[in-house]
Amino acid sequence: MVNKKQKKYYVVWNGRNAGVYDNWDDAKRQVENYSGARYKSFATEAMAREAFENGPSAYLGHAPERPAHHAQPASQPGMEAPSQPLTAAIAVDAACSGNPGVMEYRGVSMWDRREIFHQKYPVGTNNIGEFLAIVHALALIKQKGCEGRLSIYSDSKIAIGWVRKGRCRTKLEYTPLTAELFDVVRRAERWLADNAIRTPIIKWPTELWGEVPADFGRKG
């Protein structure tokens, strides 16, 4: 009796197009000769999907896995991001005039640096804006059918943590001025509860690349 080779699924966190692939040939095209590629094989699609959502830190040690076929290793093992930004991504950021104060957030496409969404509220905080920006980008990517093809960059560790936990843990007071914003926050939390996150959310390394492209340029 001939044993069939067990099928594997490949997660590409950092590569030309992040996503889950059901064959090595497709995954290889995303990581071969790509500096800073991060990827790993899994036995089932469910395991691969879960790993894609959780990010590479929980699955990779000091160097990315090399399944076969001369895949190029990462130039800086253990880094959360490749040596240069992905172009297949949306960068998000928020700004607040005072904290709390007038708050706005936006998303910018990495491939042409064009603003693709922009929202503004009379009272909010920077962390709420960063949280909503990520969820807005996630929902837009899902709506456009681009899951597995686009990533999200955010420079806010707090907001990324809130999104992964599905909860905006703001201490902003609920008032008539903030009622509209809180309604948006609750809708964002419901969206996270109802939708699995299949888009990589990557911490933008400001110390390496400067300000995130969606930055409003109001520091200092």
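Calculation rules
Residues numbered from 1 in each chain as written. Predicted model: local features only at pLDDT ≥ 70, side-chain atom pairs only at ≥ 80, totals over all residues. Heavy atoms only, no water. Pairing = 2+ DSSP bridges. Helix = DSSP H or I, 4+ residues; strand = E, 2+ residues; numbered from the N terminus. Axes fitted to C-alpha atoms, helices over the stretch in contact; angles between N-to-C directions. Contact = heavy atoms within 4.5 Å. Salt bridge = Lys/Arg side-chain N within 4 Å of Asp/Glu carboxyl O. Buried < 20%, exposed > 50% of the residue type's maximum accessible area, 1.4 Å probe, protein only.

(A) Representation of the sheet that holds strand 6 (residues 115-124) within the structure. On the basis of which strands lie adjacent, the open sheet formed by 5 strands has the order 6-5-4-7-8 and mixed pairing. Here the strands that pair on one side only, and so sit at the sheet edges, are strand 6 and strand 8 (201-203). Each strand axis lies, on average, 20° off the axis of its neighbour in the sheet, ignoring direction. As paired strands, strand 5 (residues 101-109) and strand 6 are joined by 7 bridges and run antiparallel to one another. Opposite Gly107, over in strand 6, you have Phe117 as the bridge partner. Lying on the sheet, helix 4 (residues 157-165) is in contact with strand 7 (151-154) and strand 8; it crosses strand 8 at an angle near 155°. Of the strands in this sheet, strand 5 and strand 6 touch helix 5 (residues 179-194), which is tilted by about 130° from strand 6.

(B) Quick look at the pattern of salt bridges. As enumerated under the stated definition, the model contains 9 salt bridges in all. In this structure, Arg114 engages Asp112 in a salt bridge whose closest nitrogen and oxygen atoms are separated by 3.6 Å. Asp183 is the salt-bridge partner of Arg187, the closest N and O atoms lying 3.3 Å from each other. Of this pair, Arg187 and Asp183 both sit in helix 5, 4 residues apart, which is roughly one turn of that helix. Of the residues examined, Arg187 reaches a relative accessible area of 44% and is grouped as partly exposed.

(C) Expanded view of the pairing of strand 1 (residues 9-14). Among the 6 residues in strand 1, 6 count as buried, and that is most of the element. Sheet topology note: the strand 1/strand 3 (residues 38-42) ladder contains 5 bridges and is antiparallel. Note on strand 3: the bridge partner recorded for Asn14 is Arg38. Examined bridge by bridge, strand 1 and strand 2 (residues 19-21) share 3 bridges and lie antiparallel to one another. Across the sheet, the residue bridging to Tyr10 is Tyr21, located in strand 2. Linking two consecutive strands that pair antiparallel, namely strand 1 and strand 2, is a turn of 4 residues.

Geometric descriptors of this kind do not, in isolation, establish any biological role.
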